[in-house]
Each structure stands twice: as C-alpha cells, then as structure tokens.
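Working through the structure, step by step
Residue strings, one per chain:
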Amino acid sequence: MWWFQQGLSFLPVALVVWSAASFVFSYITAIVLHHVDPLVPYISDTGTIPPERCLFGIMLNISAFLGMATMYVRYKQVYALNPEKSKIIKLNKIGLTLGLMSCFGLCIIANFQKCILYYIHVVGACLTFGVGAIYMMVQTVLSYLMQPELHSKDIFWIRLTMLLWCCSSIVSMFVSSVVLYSGLYGTNLVQKLHWDPQENGYTAHIISTVSEWSLAFSFLSFFLTYIRDFQKISLRAVVSLHGQTLYNTQQSFVTEEQTLLTAGSI
C-alpha cells in the first residue's frame, strides 16, 4: 500500500496537488495567451479573462470542496482523540467553523473575478486568507495542547512555522497593497493586467504579487502537515432503513449497514 493510500491521507494530498495545479494551469494559460505578464502576476489576474477564467473557477470550486472535507476529517479526528477535554473540544468546533468560512471565501474568489466585481472578490479573499489564517492559528494551538501525549513536538513547531510564514505574507501583502492603491501611482489599477518595470508603483506591485503567491503556498504547506495524521484515521457511515420498501406503510424495519469509508472502498 502506498503512503497516500493509508487511511484518509489522500484528502490533504488531493487538496494540495489540485489547488497548486489550479494556480499553475491558469498561470500557464494566461501567459501563453499574453493576458498577463510572465513575472509574478496576481493569482486572481490569471483567472480574469476567458478561457483561463473558466478553468480557474471550476478548479477552485473543487479545491473548496476538498478543503471542507479535509477540515471535517480533522475536526472528527481531534474530537475522537480528546472526547473529555472541554477546552480542546471548544477550540475544535471553532476551528471547523472558521475552516468552512474560509472555504466559502474560496468559492467567492473562484466565481467573482477581481476585474468584474472587485469588492465581492476582496470579501472572498478576506474570508479565505484572513479567516483561514485564524483557522491555522487554532489548529496550531490544538497541536500545542495535544503534544506530547498524542503527537511529537516537531509537528507543533512545523505548524507554527507555517503560521508565521502565512502571517508575514499577509502583512507584506497588506502594506504593499495599501501603498499601491493609495492613489499615488494612478487610479483604476485594479483593471491593470500589464506592468512596465519603469512605471511608478512597479516595486510595490511586485512585492504585493510575490506576497500573494507566498501566502497561497503557505496555506498549502500547512495542509501537507495533515498527511501523517490522516494516515491513522478512517470514517464509518451508518445507513438505517425504516422499512423493507419505499411505500408508506405502518410496518417499520430497521436495518443497519456499516460501510467503511477508506481510500479503497466507498
């Protein structure tokens, strides 16, 4: 059995690989069609013009679904490992809520493009990255509370490093974006897809775009730390039948069928 076939480890693997592919494929398509500059455009700019906009949207929607599934499995795992620790249970519920909000924000980014509905797109970005960063912080705190009884200290330090990477990227992107869109370098920069290195504001633009790519991959790197944990979990679904047919009858029969949801069976 391959390492990604153990337990539910395929979920974070699929999330990271698919999300990275959505960025890369949209970028390549936009570059080939000369819709953006080759040197570090905004991720959102690579999904603004058809046909890459269609690819960007559908792939990010699937990433959002994979993200929700991954976060739910993480929630169930932490709960199962700490059934009597109220503090961890409360934080775990908060983490799941934040994670689902972040995934909803990713759907908004995918379906409301930057150059068409800018403010809604920004709301989606704040949910995805802002709320997502808080989700990372909650999971890092949970890792701290569960070590060394349930896992080693190394995983906590790795997740803390990913969190600090994420936060530094957010700060860098926020500051450079405020400077860029302050009005000092012109107006209507949101619609601007091509930049000349000699233009005013180009340095702030590059810092902002590099920070955005860095932020995105800090998130993906964080989910890579779930792989080893997910190798040690599987979920069961219980099916209860309230009758032997689908007709409306007074007789009621209950049959339970348990199906193991693992990488090899559905």
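Before any of the text, the structure's been laid out above.
Here goes a summary of the coordinates provided. (Residues numbered from 1 in each chain as written. Predicted model: local features only at pLDDT ≥ 70, side-chain atom pairs only at ≥ 80, totals over all residues. Heavy atoms only, no water.)

Helices and strands together make up the secondary structure of the protein, namely seven helices and two strands. Overall, the protein shows an N-to-C arrangement of helices and strands of α-α-α-α-α-α-α-β-β. Dimensions of the protein, computed from the C-alpha atoms along their principal axes, are close to 75 × 50 × 35 Å. Among the 266 residues that make up the protein, the fraction classed as buried is 45%. Once local pairs closer than 6 in sequence are excluded, the contacts in the protein between residues at least 24 apart make up 70%. With an accessible surface of roughly 14600 Å², the protein has 67% of that area assigned to carbon and sulfur atoms. Seen as two clouds, the 14 positive and the 12 negative side-chain charges of the protein have centres 11 Å apart. (Helix = DSSP H or I, 4+ residues; strand = E, 2+ residues; numbered from the N terminus. Buried < 20%, exposed > 50% of the residue type's maximum accessible area, 1.4 Å probe, protein only. Contact = heavy atoms within 4.5 Å. Areas by Shrake-Rupley, 256 points an atom, 1.4 Å probe, with all protein chains shown as cover. Lys, Arg positive; Asp, Glu negative; His and termini not counted. Charge placed at Lys NZ, Arg CZ, Asp CG, Glu CD.)

If you trace the backbone, Ala64 turns up in helix H2 (residues 52-81). For Ala64, a relative accessible area of 0% corresponds to the buried category. A sequence separation of 35 residues divides Ala64 from Thr29, and the C-alpha atoms of the two residues are 21 Å apart. Discounting residues that sit within four places of it in the chain, Ala64 has contacts with Cys103, Leu106 and Cys107.

This part covers the nonpolar core. In terms of nonpolar packing, the biggest core is built from 45 residues, with Phe23, Leu60, Met136, Phe223 and Phe230 touching the most fellow members. At the level of elements, helix H1 (10-32), H2, helix H3 (86-111), helix H4 (118-146), helix H5 (153-180) and helix H6 (202-224) are the ones that each hand at least two residues to this core. The element contributing the most residues to this core is H4, with nine residues. Setting aside its immediate chain neighbours within four residues, Phe230 contacts Gln6, Gly7, Leu8, Ser9, Leu11, Pro12, Thr70, Val73, Arg74 and Gln77. Residues Leu180, Trp195, Tyr202 and Ala204 belong to the second largest nonpolar core, which totals seven residues. (Core = buried A, V, L, I, M, F, W, Y, C linked by side-chain atoms within 4.5 Å.)

Tracing the backbone shows Glu212 in helix H6. Side-chain polar atoms of Glu212 contact the backbone nitrogen of Ile43, separated by 2.7 Å. Beyond its immediate sequence surroundings of up to four residues, Glu212 is in contact with Tyr42, Ile43, Ser44 and Met173. (Polar contact = N/O pair within 3.5 Å; in protein donor to acceptor, adjacent residues only side chain to side chain.)

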